[in-house]
Amino acid sequence: MDRRRELGEFLRSRRERRRPEDAGLAVGGRRRTPGLRREEVATLAGMSVTWYTWLEQGRAVQASPQVLDSLVDVLDLDPVERAHLFRLAGEVPPRTDGSERTQDADQYQPMLDQFDPNPALLVNRRFDVVAWNRGATVLYGDLARIDPERRNVLWLVFTSEQVRATADDWEAEAARTVAFFRAQVGAAVDEPAVARLVAVLEAASPDFARIWSRRELAARPTDRRTVHHPALGRVEFRLTKMRTLDDEHTLVAFLAPPGSGAADRLAALVAPDHG
């Protein structure tokens, strides 16, 4: 009941904030209420006035995602307000589109660069690598040369000979990665972008198809990764993970033991004048 009441109050506040002229309505005479009237919102959103009134009153009615998106357009909600509306209505907020994800990724590049020489990546929910620093190229190669559709953690784990060769226990690492991915995407596994990634990986890698078919889940990723690198030697990295404010990305940093020979060699490899 509290959630329904909060949903109604939220809708009312945004209705009263919306100017009729901005919604394409002609303004004539004096209006007794600020913003839009209930009947105007209902008409613009393509629903009955009674049903919309019940929604604002916090009654036990359920709005579909299509209805909620109509209200988003009519009330001119921004992405944060849209997500809040969906959660109040008991629905999963839709994913943001690619342009918003790219813009979000760009603002985190300075933070990634601060982690140099330690490798750091920014990945989205599909495990696409959307931003990285110079240290990351030591572990994953020149990511800029990889097609964006293949610039993905799962794709690298299962198709990159470099990643496989440097893994301390590739089978265990691959299984953990797949299990965590499945837990993260959850019901979104049927979303076109996720389904396409899984289908392409199943066709490209028998190992992925075998491990994916187990349907294993991991509640959290490992906090260590050991690699055997030709230039670094054997290094046990500590993994640090941070969610971004939009909850659409995760920053993953590989921290070498401070003061170790590996840390010094890593710094030398990412130096601007290296090579």
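All of the points below concern the structure found in this document. Residue positions are given per chain, counting from 1 as you read along its sequence in written order. Per-residue local features are limited, in this predicted model, to residues with pLDDT of at least 70; the limit for side-chain atom pairs, both in listing and counting, is 80 or more; totals at the level of whole chains, interfaces and linings are taken over all residues. In computing side-chain values, all of the structure's heavy atoms are included and hydrogens and water are not.

**Things to note about helix α2 (residues 38-45)**
- Those residues of α2 lying buried are E40, V41, A42 and A45.
- Throughout, a contact is declared for two residues whenever any of their heavy atoms are within 4.5 Å. Each helix corresponds to a stretch of at least 4 residues labelled H or I by DSSP, and each strand to a stretch of at least 2 residues labelled E; elements are numbered beginning at the N terminus. Buried residues in α2 make contact with α1 (2-17), α3 (49-56) and α4 (65-75).
- G46 sits one or two positions beyond α2 and adopts a positive phi of about 75°. Classification of residues uses two cut-offs on accessible area relative to the type maximum, computed with a 1.4 Å probe and protein chains only: under 20% is buried, over 50% is exposed, and between them is partly exposed.

**Comments concerning the pattern of salt bridges**
- The working definition used for a salt bridge is a side-chain nitrogen of Lys or Arg within 4 Å of a carboxyl oxygen of Asp or Glu. Inspection of every chain in the model, using the stated rule, returns 23 salt bridges.
- Ionic pairing is found between R5 and D2, a salt bridge with its closest N-O pair at 2.4 Å. Here the residue R5 and the residue D2 both occupy positions in helix α1, the gap between them amounting to three residues, near one helical turn.
- Residue classification places R5 among the partly exposed positions, given a relative accessible area of 47%.
- D2 sits in the exposed class, given a relative accessible area of 57%.
- A salt bridge links R15 to E56, with the nearest nitrogen and oxygen atoms 2.6 Å apart. Highlighted residues: R15 in helix α1 and E56 in helix α3, separated in sequence by 41 residues.
- Judged by relative accessible area, R15 falls into the buried class, the value being 7%.
- Relative accessible area serves as the criterion here: at 7%, E56 is assigned to the buried category.

**A closer look at the pairing of strand β2 (residues 129-132)**
- Pairing between strand β1 (residues 120-124) and β2: three bridges, direction antiparallel. Across the sheet, the residue bridging to V123 is V129, located in β2.
- Whether two strands pair comes down to DSSP finding at least two bridges between them. In textbook terms, the turn of a hairpin is the stretch between consecutive antiparallel strands, and for β1 and β2 this stretch comprises four residues, one of which, F127, has a positive phi near 70°.

**Considerations on the nonpolar core**
- To qualify as a nonpolar core, a set must consist of buried Ala, Val, Leu, Ile, Met, Phe, Trp, Tyr and Cys residues joined through side-chain atoms within 4.5 Å. Residues L121, L154, F158, F181 and F237 are the most contacted members of the largest nonpolar core, which totals 46 residues.
- With eight residues, the single largest contributor to this core is helix α11 (residues 170-185).
- Setting aside chain neighbours within four positions, we find F158 in contact with R164, W170, A174, V178, L201, S205, D207, F208 and I211.
- Membership of the second largest hydrophobic core comes to 23 residues, among which are Y52, L75, F86 and L88.

**Focus: the packing of α4 against helix α5 (residues 79-88)**
- Angles here are taken between N-to-C directions and fall from 0 to 180 degrees, while the axes themselves are lines fitted to C-alpha atoms, restricted in helices to the stretch in contact. The N-to-C vectors of α4 and α5 enclose an angle of 145°; their axes lie 10 Å apart at closest approach. Considering only the axes of α4 and α5, their crossing is right-handed. Of the residues in α5, those in contact with P65, L68, D69, L71 and V72 of α4 are R82, L85 and F86.
- Under the scheme applied, nonpolar residues are Ala, Val, Leu, Ile, Met, Phe, Trp, Tyr, Cys and Pro; charged residues are Asp, Glu, Lys and Arg; polar residues are all the others, including Gly. Grouping the amino acids of the contact of α4 with α5 by side-chain chemistry returns six nonpolar, no polar and two charged. Helix crossings are classified by the rotation of the near helix relative to the far one: an anticlockwise turn of less than a right angle makes the crossing left-handed, while a clockwise turn makes it right-handed.

**Let's talk about the pairing of strand β5 (residues 249-255)**
- The buried fraction of β5 amounts to six of the seven residues, a majority that puts the element mostly inside the structure.
- As paired elements, β1 and β5 share five bridges and run antiparallel to each other. Note that in β5 the partner of L121 across the bridge is V252.
- Where strand β4 (residues 233-243) lies against β5, six bridges are found, and the strand directions are antiparallel.

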